[in-house]
Amino acid sequence: MRTSARLSPALNVVVQAAQKAGRRLLRDFGEVENLQVNMKGPGDFVSQADLRSEETLRQELSRARPGFAFLMEESGASGDADWEWRWVVDPLDGTTNFLHGLPHWAISIGIEKRTGENSSEVVAGVIYNPAADELFWAEKGVGAFLNDRRLRVSARREMRESVFATGIPFANVPKRAEFSATLARLMPQVAGIRRFGAAALDLAWTAAGRYEGYWELGLKPWDFAAGIVMVREAGGYVTDPEGGDAWAGPSPGGNIVAGNTHMHGPLREAVAEGVTRVASAKAGA
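Report on the accompanying structure.

Rules used in this analysis
- Residues numbered from 1 in each chain as written.
- Predicted model: local features only at pLDDT ≥ 70, side-chain atom pairs only at ≥ 80, totals over all residues.
- Heavy atoms only, no water.
- Helix = DSSP H or I, 4+ residues; strand = E, 2+ residues; numbered from the N terminus.
- Buried < 20%, exposed > 50% of the residue type's maximum accessible area, 1.4 Å probe, protein only.
- Contact = heavy atoms within 4.5 Å.
- Areas by Shrake-Rupley, 256 points an atom, 1.4 Å probe, with all protein chains shown as cover.
- Lys, Arg positive; Asp, Glu negative; His and termini not counted.
- Charge placed at Lys NZ, Arg CZ, Asp CG, Glu CD.
- Salt bridge = Lys/Arg side-chain N within 4 Å of Asp/Glu carboxyl O.
- Pairing = 2+ DSSP bridges.
- Axes fitted to C-alpha atoms, helices over the stretch in contact; angles between N-to-C directions.
- Phe/Tyr/Trp six-rings, centres within 6.5 Å; stacked < 30°, edge-to-face > 60°.
- Lys NZ or Arg CZ within 6 Å of the ring centre and 35° of its normal.

## So, the overall build of the protein chain
And then number 1: Counting its secondary structure elements, the protein chain contains 7 helices and 15 strands.
And then number 2: Each principal axis of the C-alpha distribution contributes one length, and for the protein chain these read about 50 × 40 × 40 Å.
And then number 3: For the protein chain, the residues scored as buried account for 54% of the 285 residues in total.
And then number 4: If you take every contact in the protein chain between residues at least 6 apart in sequence, the share linking residues at least 24 apart comes to 65%.
And then number 5: A total of about 12400 Å² of accessible surface is found on the protein chain, and carbon and sulfur atoms cover 48% of it.
And then number 6: The positive charge centre, built from 32 side chains, and the negative charge centre, built from 35, are 3 Å apart in the protein chain.

Given below as structure tokens:
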């Protein structure tokens, strides 16, 4: 795998950390039937592979940038509460795929910069799928790349030609009604809807033009931190369903709509309508 000489020093640190954790995950993936697994919640698993990956990433990133804080899926927030820079890390996005031997999972690392007392932005990110040896990376003002190839979002303009990605709520996870309402509106209009089970890769693939758009409700910050800058630097849009900033406030919410310049608007309207319809039904109940 090659990466561009345009990598900044900070991103070079992230790439090296992701590759090191990825090598260990690939070894675990080859012995997936022997992994120790604990149930963390309905359909949400935590494995020894998750924990080892997170520890590898923490060690590598801390060594290179000791002043950065962390927000990590398994261990939560750590470091100086008045941080200026923070790593936002999902050590294994797509854990269920991983544990079932499906080679669609990734390491996702975003670099977050504080911009005010209650505001911040993600200025760079890396999403690495070791099984496919695909390393997606982006930096604000520099662009988005797959290994050393520049990425651009899809140019498709018609709903009937578009393929969208999403995450399907499972078990007792909230937002099932909102998802169903959105799906019912979109399915008759589009070429296809995919659910591959890794939010970070859904965003990376949207940046790469493999999807025209992606939506999901109820994500956590580490699920989409790197993906936000990826899609934007590839020429697309990422908002919440109302059109606001998807990364707003000290604890970003997880209702995400991403898309190319033509399909983001129609997709966002469909998701917003689904959310509003369910809210109205609940209010009238």
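## Thoughts on the pattern of salt bridges
And then number 1: Evaluated as defined, the whole model comprises 11 salt bridges.
And then number 2: Arg 160 is the salt-bridge partner of Glu 158, the closest N and O atoms lying 3.5 Å from each other.
And then number 3: A salt bridge links Glu 273 to Arg 277, with the shortest nitrogen-to-oxygen separation between them at 2.5 Å. In this pair, Glu 273 and Arg 277 are both assigned in helix H7 (residues 264-284), 4 residues apart and thus about one turn of the helix distant.
And then number 4: For Glu 273, a relative accessible area of 32% gives the class partly exposed.
And then number 5: It is possible to trace a salt-bridge network through shared partners that takes in Lys 20, Glu 60 and Arg 63.

## A few points about the side chain of Asp 223
And then number 1: Considering the arrangement of structural elements, one finds Asp 223 in helix H6 (residues 221-233).
And then number 2: Among buried charged residues, Asp 223 stands out as having no salt bridge; its nearest opposite-charge side chain is Lys 220, 7.5 Å away.
And then number 3: When neighbours within four sequence positions are excluded, Asp 223 is seen to be in contact with Asp 90, Asp 93, Ala 199, Ala 200 and Leu 203.

## Quick notes on the sheet that holds strand S5 (residues 85-93)
And then number 1: Strand order in the open sheet formed by 8 strands is S4-S3-S5-S6-S7-S8-S9-S10, and the pairing between neighbours is mixed. Of all strands in the sheet, those with a lone pairing partner are strand S4 (76-78) and strand S10 (149-150), marking the two edges.
And then number 2: In the packing of helix H2 (residues 48-64) onto the sheet, contacts are made with strand S3 (69-72), S4, S5 and strand S6 (106-116), and the angle to S5 comes to roughly 155°.

## Overview of the environment of Val 123
And then number 1: If you trace the backbone, Val 123 turns up in strand S7 (residues 119-129).
And then number 2: Those residues in contact with Val 123 that lie beyond four places of it in its chain are Trp 85, Ile 111, Lys 113, Glu 139, Lys 140 and Val 229.

## Topic: unusual backbone geometry
And then number 1: The phi dihedral of Asp 133 is positive, around 55°, even though this residue is not glycine.
And then number 2: Take Asp 133: it is sitting in the loop between S7 and strand S8 (134-139).
And then number 3: For Asn 147, which is not a glycine, the phi torsion comes out positive at approximately 55°.
And then number 4: When you line up the elements, Asn 147 lands in the loop between strand S9 (143-146) and S10.

## A word on the packing of aromatic side chains
Aromatic ring pairs are defined here through the distance separating the ring centres and the angle between the ring planes.
And then number 1: As enumerated under the stated definition, the model contains 10 aromatic pairs in all.
And then number 2: Aromatic pair Phe 29 and Phe 98: ring centres 5.3 Å apart, planes at 45°, arrangement tilted. On the criterion of sequence distance, the pair formed by Phe 29 in helix H1 (residues 9-29) and Phe 98 in helix H3 (residues 95-99) is long-range, its members being 69 residues apart.
And then number 3: Residue Phe 29 is classed as buried on the basis of its relative accessible area of 17%.
And then number 4: An angle of 10° between the planes, with centres 5.9 Å apart, marks the rings of Phe 68 and Trp 85 as stacked. A residue pair is termed long-range when its members are at least 10 positions apart, and Phe 68 in the loop between H2 and S3 and Trp 85 in strand S5 qualify at 17 residues.
And then number 5: Each member of the aromatic cluster is reached from another via a ring pair, and the members are Phe 29, Phe 98 and Trp 105.
And then number 6: Residue placement shows Arg 210 over the ring face of Trp 205; its charged tip is 4.9 Å from the ring centre.

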